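Each chain, letter by letter, is given below.
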Amino acid sequence: MSASRLWKGALYCFIAAVAWGAMFPIAESALHHLDPFWFSTIRYVSVSALLIFLLLWKEGRQAFRAEGRFFLLWMSGTFAFTVYNFGIFWGQKELGKSGVLLASIMESFMPMLAVLIVWAVTRKRPRMITLGCVIAAFIGVLFVVTKGDLGMFSSGEFKPIPLLAIFIAVVGWVIYTISCGQFKGWSALRISTLTCVYGSATSLIVVLILSAFDQIQAPAVSELTVVWPEMSFMIFIAGLLALLCWLKGIELLTPVNGMLFINFVPATTFIISIIQGYQVSAAEILGTVIITCALIVDNVASRRAQSNLQATIHEKKSKTPSRSSVAQHT
């Protein structure tokens, strides 16, 4: 891998991670005025419109064909752009300031959670070092959730439903990430556009039904006007720009290397939250450090295992005589 490719990929992934890290505290401000369900829907309906324009420009009208994969596209998009966004932002709002950090921490926990989901689906147990990293990451999340006080589980401060919503949201995004591997031969832009369109359509149907039955309230124009700076950031920076930068960075670095930049998500959230006046506890810092270290250790171990596997394959190939050499000896 050339140095130029490495630095470009690192820059793209860094931009995406910082944008996603800033997303949670900025969303917290907007959620004071908007319902989280309408907030998420408006955001990704807007992102969908931008992605449609980009895909039409880059790949043409034929790229919008589902090619018999409509259900998979719809399911993947619903997990990512309905389940994830509804769960993460509703849970964040219900938990208040601490929810901002927790939502960000759970974002960086995704690679560890993906290991468990793949294990459950394939029945193939991961390496022991990976399982150790998953356990360590769970302990880190526990520190962040409880702020070091395990007694909160038996107190009135413990809010299991918002925590469960955030957890389900993260599972939804992990399922989406895994399912995207089923679209062989499709560009990342095409997958992102079609899943975003179908997922956003699902979100829009859900919020319209909930609003019709007075379960949630549609935002007034005055409310949208108040949050236009936050919404602009969520659509153009944390939505479109971050998504495209992440996809390009992963393409240049490979997923294993690019995943390390997820660590900048909680780091950015911490910095912005402190600037906004939030008092970060020592337990929250410790939990974040544990999760970060677990992700780094697992990433390094995975790269070494992959490198050793490639070296073994190369060695076997070098020891196996080619047909031409066999022919010459005979």
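Please refer to the structure placed before this passage.
Quick caveat: nothing in here was measured; it's all calculated off a predicted structure.

K.L.:
What is the right way to look at the packing of helix H5 (residues 110-122) against helix H7 (residues 160-179) in this model?
P.N.:
The contact between H5 and H7 brings their axes to 10 Å, and the two run at 70°. With respect to each other, H5 and H7 are oriented roughly perpendicular. Judged by the twist between their axes, the crossing of H5 over H7 is right-handed. Taken together, the residues of H7 that come into contact with H5 (itself represented by Met 110, Leu 113, Ala 114, Ile 117 and Val 118) are Phe 167, Val 170, Val 171, Trp 173, Val 174, Ile 175 and Ile 178. Classifying every residue of the contact of H5 with H7 gives 12 nonpolar, no polar and no charged.

K.L.:
Even after reading the chapter, I still don't get the packing of aromatic side chains, so can you show me in this structure?
P.N.:
Each aromatic ring pair is characterised by the separation of its centres together with the angle its planes make. For the structure on display, the rule yields 14 aromatic pairs. A centroid spacing of 5.3 Å and a plane angle of 80° characterise the contact between Phe 39 and Phe 89, whose relative ring orientation is edge-to-face. Of this pair, Phe 39 sits in helix H2 (residues 36-59) while Phe 89 is found in helix H3 (residues 70-95), placing the two residues 50 residues apart along the sequence. A relative accessible area of 0% means that Phe 39 is categorised as buried. Take Phe 89: its relative accessible area is 0%, and that puts it in the buried class. Ring pairs connect the aromatic residues Tyr 44, Phe 81, Tyr 84, Trp 173 and Tyr 176, which therefore count as one cluster. The aromatic ring of Trp 57 is capped on one face by Lys 58, whose charged end is 6.0 Å from the ring centroid. Above the ring of Trp 186, the side-chain terminus of Arg 190 is found at 3.7 Å from the ring centroid.

Here is what the cut-offs are and how they apply
Residues numbered from 1 in each chain as written. Predicted model: local features only at pLDDT ≥ 70, side-chain atom pairs only at ≥ 80, totals over all residues. Heavy atoms only, no water. Axes fitted to C-alpha atoms, helices over the stretch in contact; angles between N-to-C directions. Helix = DSSP H or I, 4+ residues; strand = E, 2+ residues; numbered from the N terminus. Parallel < 35°, antiparallel > 145°, perpendicular 65-115°, else oblique. Left-handed = near helix turned anticlockwise from the far one by under 90°. Contact = heavy atoms within 4.5 Å. Nonpolar A, V, L, I, M, F, W, Y, C, P; charged D, E, K, R; others polar. Phe/Tyr/Trp six-rings, centres within 6.5 Å; stacked < 30°, edge-to-face > 60°. Buried < 20%, exposed > 50% of the residue type's maximum accessible area, 1.4 Å probe, protein only. Lys NZ or Arg CZ within 6 Å of the ring centre and 35° of its normal.

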